Every structure is written in structure tokens, then in C-alpha cells.
Amino acid sequence: MSYQALYRVWRPQRFGDIAGQQAITKTLRNALVQDKTSHAYLFTGPRGTGKTSAAKIFSKAINCPNVKDGEPCNQCEICESITKGKLGDVIEIDAASNNGVEEIRDIRDKANYAPTQAEYKVYIIDEVHMLSMGAFNALLKTLEEPPTNVIFILATTEPHKIPLTIISRTQRFDFRRISPQAIVERMRYILGEKGVQYEEDALITISKAAEGGMRDALSILDQALSFSEGTLKTEDTMRITGSITQELLIEYIRALSEQQTEKGLNILHELIAEGKDPSRFVEDMILFSRDILLYHTAQSDTLLKMAKVDEPFEQLASALSPDLLYEVIQVFNATQQEMRLSNHAEVYLEVATVRLTQVRQPVRDEGTTVQPQATSAPSDEVAALKKQMAEMQKLMQSMSAGEAAAKPAAPKAKRAMKSSAVFKVNRPSVYNILEKATKQDLVQLKDVWPDLMNFLEASQKAIMNTSTPVAASARGLVVTFDYDILCERATNDKVLIATIGDYLEKVIGHRAEMVSVPAEQWPTVRQDFIKQMKAEEHSEQSEETETKQEDTEIKIEPVVSEAVKLFGEALVKIEE
Ligand SMILES: [Zn+2]
């Protein structure tokens, strides 16, 4: 018999088997019992949280002649053929591969035929956000006039990409990430059924790594089982999931509390060099610090989410002040937010490390004064990223000045500094675009911008997330970025620039090259360009008097009209 993946073998067949979504499964069962089902459902939520399983169970329950308390019997002919995916009346469509208008039109035509074997025809459209606009419109028409005895179940991980007109015609259920406890329970059940021995910690490691997805948890479990002979070992699960050991977390927190910047950075670089996931490290640090705090107050391990109480843990817990822990949680929370916007996870982690090791030191050696921060009252104001970066940069400078001789940490710190230094705008390129820019081009670009964002890959979107198109010509576009670091990335990412060019060529009919400018510098760049244009226009006449009137630029008519053409009236009025 060929091997079948655990998540297939153990796919839930009853609502009661779906882990961690009790509120949803109860509501669906009640609707079935009371005969109050809707003709269209939208199941949203992260992958592996039970959306398609629930959809299939629902399609069984609504058709099963032996349905009991809203649960299908799983034994009748109808249940069995739905489980096997062989019932013609339950149609599963993967929108990721069938995104054409034709397919949906096809659904519309076929939906009008009555079901053949079952009572209800059920269309399950997975990854529905992948449908094209045309296909959405076709689907909308069907939902507006639903054929009798037809039910649509739309499933998606990205509900924000679905038109509101569709959403408003469905009953929506948001599947949540499954709690680690529920995942552990399910794995315990499966391993019990299979008769496999396991170390309890191994299950905890997997449940954390799965981040709320049962499918991921079972895939990791599968992998771990193929490693282990006989017993499922914690060690194997750690290796597979790239988890960070408690020892390392303790060592890192100790470096923070002892204000050993270099040691902290070394641990960090070691982790990253080993291929550990920076965002998991942040997550682990927040949870671990929380656990130490709880242990402080409760002296019991019942509330702990990830920490294992052993001797080093107890030693650390008794030595640390809650102040530091509050600060760790606060700084890492902010870091987590910042990391979401950028691919520079490493830099933000370095910054957090430097901050946490240095911030409480009022004075550094060689008399370099670091801004002291009150240690008693943990400030709850989370400073804006930009401000924070500037502050961190200062700290880093003082650090590399103070530790010029420092070995492995120094080059990293310098690299971080360099990437957050002031971004140099490519003025000739910007000016080239501005010379030919029209408001019409900009309006058109802004119109397609949200679609372009949806079109980009996650990593590209992370860069472009805070970007705004501010000027456009037929050949180019100027885009501003809230963060210098993202502006720099966009400028250096040739693939990204080409992708955007390709997309625009396809959508608006001509290829435009993107030039990036930090939002902060844009007013100056724009002003300088207007100045230069004005200077060129009047250079023959009165060069001298012009240059002296620096503050009274936009006075000359042609320049005003030119500026209006470029940026729209509203903007130019503000300038005046
Ligand atoms: Zn049945």
C-alpha cells in the first residue's frame, strides 16, 4: 500500500473532528438542523484551519439521508462518494487554476440543471480570491439570482481581495488559527490511534511551529515520524521546525540583562546563520518573556505557553527584573510590526538588540552619552518607525565608535547603519519623468495601483506596501515610500521594477519605469524641479533677480500651469 500523508488520512469527516473551530461548526450544524442554510457561504481564514474540510462535511450533511444533529453519517452511498470526490453534484473548483470567466460561466449554465443524485448541488470554490474580475462578475450574477437547490461555498485565505458585492451576498465565517493546545490534542489522538510513542515536548514544538494550521502540523509530524525510529523525539522535531532552544533564549535574555551588546548580536547572527526564522525568534522571545513574567508572579507553570521550567529557567526568572521583561515585550512587539513591512528582518532584530542592551545605560565609556530612558516607568508610546530608526542609528554609531575593535558584530552593525542612511534620490531620472508628466497619466496609474499591489508577490508587496504614486508620464512613474529602507530596496530590485513595468504595459498599454523617492524628500525634489523649470524659462531674461527670490517661486504663470498639469490643482494650491 502506498504511503498516504497524515493530513489526508486524518482529514476530518464530521464537524466534531474539526479542531479549534467550535463556534463555526456549531453554527453550521444548527443551520442544518433547523433547515436554515444559506445559498452562499464564504469561509475565510489562514491555510490549514479547516475551511475546505468544513465545506466538504457541509456538502455531505446537507445531502445525507441519515443526517443526525447536523452530522453526516459517512456511511451511506452519498457520503462515501462525496468523501472520495466522486459525486457529480458536489463540485470542487480550485480558482487558482480555473480563474477564467469561461469556467464560471460554465458553472452558471450548469447550476441551472437540477442535481442528479443528491438533493443539493454544492459548488466549493477554493482560493476564490484568485478569480479574475470578469469571473467575479459572472459569479455575482449567479449569486444575485441563485438557482434553487444550489449552494456555493467560497473559501479563501485572502478575503480582502474579494469584491464587497460578492461578500455581501454570502454568509461569512472566519476560521481562526487553531490554538497550540487543540493541535497538540489532535496529534495526541492520531498518535494514540497509530500506536506511536512520543515525547510530550515534541508535540509542543510542532504545535508552535505550525502557527495555527493543522495541515502544517500534520506535515511536520509526518516528517518527524519518518526521522524517528519508534519514538517521536523532541530533538527531531526541533531540527525539522528550526525551533530555537530554550537554552539559546535564556542566553540571549541574559546578554540583554547584562547589557552585553556584542554577545547579544552574536547570538542573533548565529541563529540567522543557522537558518532560523527571524520572525519566529521574535515570536518566541515575546512568549518566553511573557512566561518568565507569569512565572514571577504565579510561581507555577500552569499558565506558561512555551517555557519549560528547569533549573536555568528558574535561575533566570529569579535574577531578572520585570522592568526588563516589559521592555523586551514592548520592543519586540514593535519590531514584529516593523518586520511585517520589510524584508530587512535582520536589521530590525539588530536594532532591537542594541536598544535593549543599551537603552538603560545612562553613560557609555569614553563619555559618549546615550539618551537615558526612565527605567522605572515603561513608556507605552510606541514611537514612529522613522524616528525610532534615527534614534537607533545614533545608538549604533555610538556603539561602533565605542567598540571599534569589536570583532564579528561590527561589520553587521555597519551594514545596518548603511542601509538606513539617507537615501540618495536619482534626480535626473525623476526630472525626466516630471518634464513629461501629466495629471491624466497619474490618475490612470492611481486607478490601477491597488490591482497592481494585489498582483505582486508577497515579498514584493512587502516592499511596495507603503508606496504612493505621485507623478507619472507615458514612460515613467515616480513613487514615494514612507521608509527610506524600503525605497532603497525598491530601487535596487530589478525584478520588481521589471514586474511593475510588465504589468503596466499589459494594463495601461505602455511600459513605464518606476523611480523611487522617500516620501520625506519628495516635497524638496518637486520644489527643486519647479525651481529649475522656472529658471530655465527665464534664464535669458533676468537670471540674477530670479535666484534671489527663493521663497516666492510659483508666481510666474507658465510654471503654475505646468505645476497644475503635473500634480493637480489641489496640490499646487497648498504650495502657494
Ligand atoms: Zn450519509
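Each chain carries its own residue numbering, running from 1 in the direction its sequence is written. Only residues with pLDDT of at least 70 get local features here, since the model is predicted, and only at 80 or more are side-chain atom pairs given and counted; chain-wide, interface and lining totals rely on the full set of residues. Side-chain measures here rest on the full set of heavy atoms in the structure, leaving out hydrogens and waters.

(A) Geometry of the overall build of the chain. Each helix and strand in the chain was counted, giving 27 helices and 10 strands. Counting the 576 residues in the chain, one finds 49% classified as buried. Only heavy atoms matter for contacts: two residues are in contact if any of them lie within 4.5 Å across the pair. Taking contacts inside the chain between residues at least 6 apart in sequence as the whole, the part at least 24 apart equals 73%. The Shrake-Rupley method, run with a 1.4 Å probe sphere, supplies the accessible areas, and residue values consider only the shown protein chains as cover. Surface exposure of the chain reaches about 29,100 Å², of which carbon and sulfur atoms provide 49%. Only DSSP runs of H or I with at least four residues qualify as helices, and only runs of E with at least two residues qualify as strands; both kinds are numbered from the N terminus onward. A 1.4 Å probe rolled over the protein chains alone gives each residue an accessible area, and that area as a share of the maximum for its type sets the label: buried under 20%, exposed over 50%, partly exposed in between.

(B) Geometry of the side chain of Thr 44. Its place among the elements puts Thr 44 in strand S1 (residues 40–44). We classify Thr 44 as buried; its relative accessible area is 3%. What Thr 44 contacts, discounting residues up to four positions off in sequence, is Lys 51, Thr 156, Pro 159, Arg 172, Phe 173, Asp 174 and Phe 175.

(C) Fine view of helix H11 (residues 234–241). The complete set of buried residues in H11 reads Thr 234, Asp 236, Thr 237 and Thr 241. Seen along its axis, H11 keeps its buried residues to an arc of 160°; they face one direction. With respect to the buried face of H11, the exposed residues turned more than 90 degrees away are Glu 235 and Arg 239. Taking the helix axis as origin, the arc is that swept by the directions to the C-beta atoms.

(D) Structural view of the coordination of the zinc ion. Looking at the zinc ion, the protein donor atoms are Cys 64 (SG), Cys 73 (SG), Cys 76 (SG) and Cys 79 (SG), and they sit 2.3 Å from it. Any N, O or S atom lying within 2.8 Å of the metal counts as a donor, and for Na, K and Ca the limit rises to 3.2 Å; water is left out, so some sites can look incomplete. Geometry assignment treats four donors as tetrahedral when all angles are between 85 and 135 degrees, treats four as square planar and six as octahedral when opposite donors are over 155 degrees apart and all others between 65 and 115, and treats everything else as irregular. Angles of 102 to 120° at the metal separate the four donor atoms of the zinc ion, which places the site in the tetrahedral class. On the accessibility criterion, Cys 64 (5% relative accessible area) is buried. On the basis of relative accessibility, which here comes to 13%, the residue Cys 76 falls in the buried class.

(E) A look at the pairing of strand S4 (residues 150–156). Across the seven residues of S4, seven count as buried, placing the element largely inside the fold. Here five bridges tie S1 to S4, and the two strands are oriented parallel to one another. What sits directly across from Tyr 41, in S4, is Ile 153. Relative to S4, strand S3 (residues 121–126) runs parallel, the two being bridged by five bridges. Paired with Tyr 123 across the two strands is Phe 152, which belongs to S4. We call a crossover right-handed when, viewed with the strands running away from us, the connection from the first strand over the helix to the second turns clockwise. Taken together, S3, helix H6 (residues 133–144) and S4 form a β-α-β motif whose crossover is right-handed. By the convention used here, strands pair only if DSSP detects at least 2 bridges between them.

(F) Structural detail: the confidence of the model for the chain. pLDDT measures the predictor's confidence residue by residue and takes values from 0 up to 100. On average, residues of the chain carry a pLDDT of 80, and 81% of them reach 70 or more. Note that pLDDT drops below 50 for residues 361–386; the model gives that stretch 36 contacts with residues more than four away or on any other chain. Taken together, the stretch residues 395–420 has pLDDT below 50 and engages in 48 contacts with residues farther than four places along the chain or on a different chain.

(G) Expanded view of the sheet that holds S3. The strand order across the open sheet built from five strands is S2-S3-S4-S1-S5, with neighbouring strands paired in parallel fashion. Two strands in the sheet have a free side with no partner beyond their single neighbour: strand S2 (90–94) and strand S5 (171–174). Between one strand and the next, the sheet's axes are offset by a mean angle of 15°, whatever the strand orientation. Summarising the sheet, S2 and S3 pair through five bridges and their orientation is parallel. Residue pairing for S3: Ile 91 is matched across the bridge by Tyr 123. Each axis is a line fitted through C-alpha atoms, and for a helix only the stretch in contact is used; angles between axes span 0 to 180 degrees, taken between their N-to-C directions.

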